Amino acid sequence: MSWFFLLLGIVSEVMGTTSMKMSQGFAKLIPSIFMFVFYGTSLTFVTLALKKIDVSIAYAIWSGLGTAIIAAIGILFFKESFSLFKLLAILLIIIGVVMLNMSGEAHGTETASSYVPIEKNGEQ
C-alpha cells in the first residue's frame, strides 16, 4: 500500500506543478487554488508512504520521477524546448532512481522505518 501512496504522491505533485505553470504566477485563481490542493495532497501521500518506505528511496523516487514527468509535460504540452541534452538529463534522473532502488535493502521489499529518539536534557 505504501508504494501506491507514493505513486499517488507523485501524480499529485505533477498535477500541482502543472497547476503552478497554468496559474501564470498566481494570475489565475483556479489553477492557483489547485496548486495548493495538489501539493498538500502530494505531501500527505508521501508522508503515508514513509511509514514503510525508507525516506531516501521514497524522496528519490518522488522527486526524480516527478521531475522527469514534468519535463516531458513541459515539452509536450507547454511547447518548451527539446534537445538531446535535455533527453539525456531526464534519462539520467530515471537511471539514478532505478539504481538507488536496486541498492541495499530497498530491493524488492518494504521496510519499516526506524528512528532513534533524540535525548532532551538527559531524558528520552
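Owing to the predicted nature of the structure, the values given are computational and were not obtained by experimental measurement. (Residues numbered from 1 in each chain as written. Predicted model: local features only at pLDDT ≥ 70, side-chain atom pairs only at ≥ 80, totals over all residues. Heavy atoms only, no water.)

Structural notes on the overall build of the chain
So, point 1. Counting its secondary structure elements, the chain contains four helices and zero strands.
So, point 2. Going from N to C terminus, the chain has its helices and strands arranged as α-α-α-α.
So, point 3. Within the span of the chain, comprising 124 residues, buried residues form 30% of the whole.
So, point 4. For the chain, restricting intrachain contacts to residue pairs at least 6 apart in sequence, the fraction spanning at least 24 positions comes to 70%.
So, point 5. Total accessible area on the chain stands at roughly 8,400 Å², and carbon and sulfur atoms take up 73% of it. (Helix = DSSP H or I, 4+ residues; strand = E, 2+ residues; numbered from the N terminus. Buried < 20%, exposed > 50% of the residue type's maximum accessible area, 1.4 Å probe, protein only. Contact = heavy atoms within 4.5 Å. Areas by Shrake-Rupley, 256 points an atom, 1.4 Å probe, with all protein chains shown as cover.)

A word on the UniProt feature "transmembrane region" (unreviewed entry) in the chain
So, point 1. Look at the UniProt record and you will see "transmembrane region" (unreviewed entry) annotated at residues 26-50, 57-78 and 84-102.
So, point 2. Summarising residues 26-50: 84% helix, 0% strand, and an end-to-end C-alpha distance of 31 Å. (UniProt positions renumbered as here; feature names shortened; annotations may be inferred.)

A closer look at the packing of aromatic side chains
So, point 1. Considering all chains together, one arrives at four aromatic pairs under this definition.
So, point 2. An angle of 20° between the planes, with centres 6.0 Å apart, marks the rings of Phe5 and Phe45 as stacked. Placement of the pair is Phe5 in helix 1 (residues 2-22) and Phe45 in helix 2 (residues 29-49), with a sequence separation of 40 residues.
So, point 3. Their ring planes at 50° and their centres at 5.4 Å tell us that Tyr59 and Trp62 sit as a pair that is tilted. Of this pair, Tyr59 and Trp62 both sit in helix 3 (residues 55-77), three residues apart, which is roughly one turn of that helix.
So, point 4. Look at Trp62 and you get buried, because its relative accessible area is 13%. (Phe/Tyr/Trp six-rings, centres within 6.5 Å; stacked < 30°, edge-to-face > 60°.)

Observations regarding the nonpolar core
So, point 1. Membership of the largest hydrophobic core comes to 13 residues, with the highest contact counts inside it found for Leu6, Ile10, Ala49, Ile53, Ile61 and Trp62.
So, point 2. Among the elements of the structure, helix 1, helix 2 and helix 3 are those that each provide at least two residues to this core.
So, point 3. Among the elements that line this core, the one with the most residues is helix 3, at five residues. (Core = buried A, V, L, I, M, F, W, Y, C linked by side-chain atoms within 4.5 Å.)

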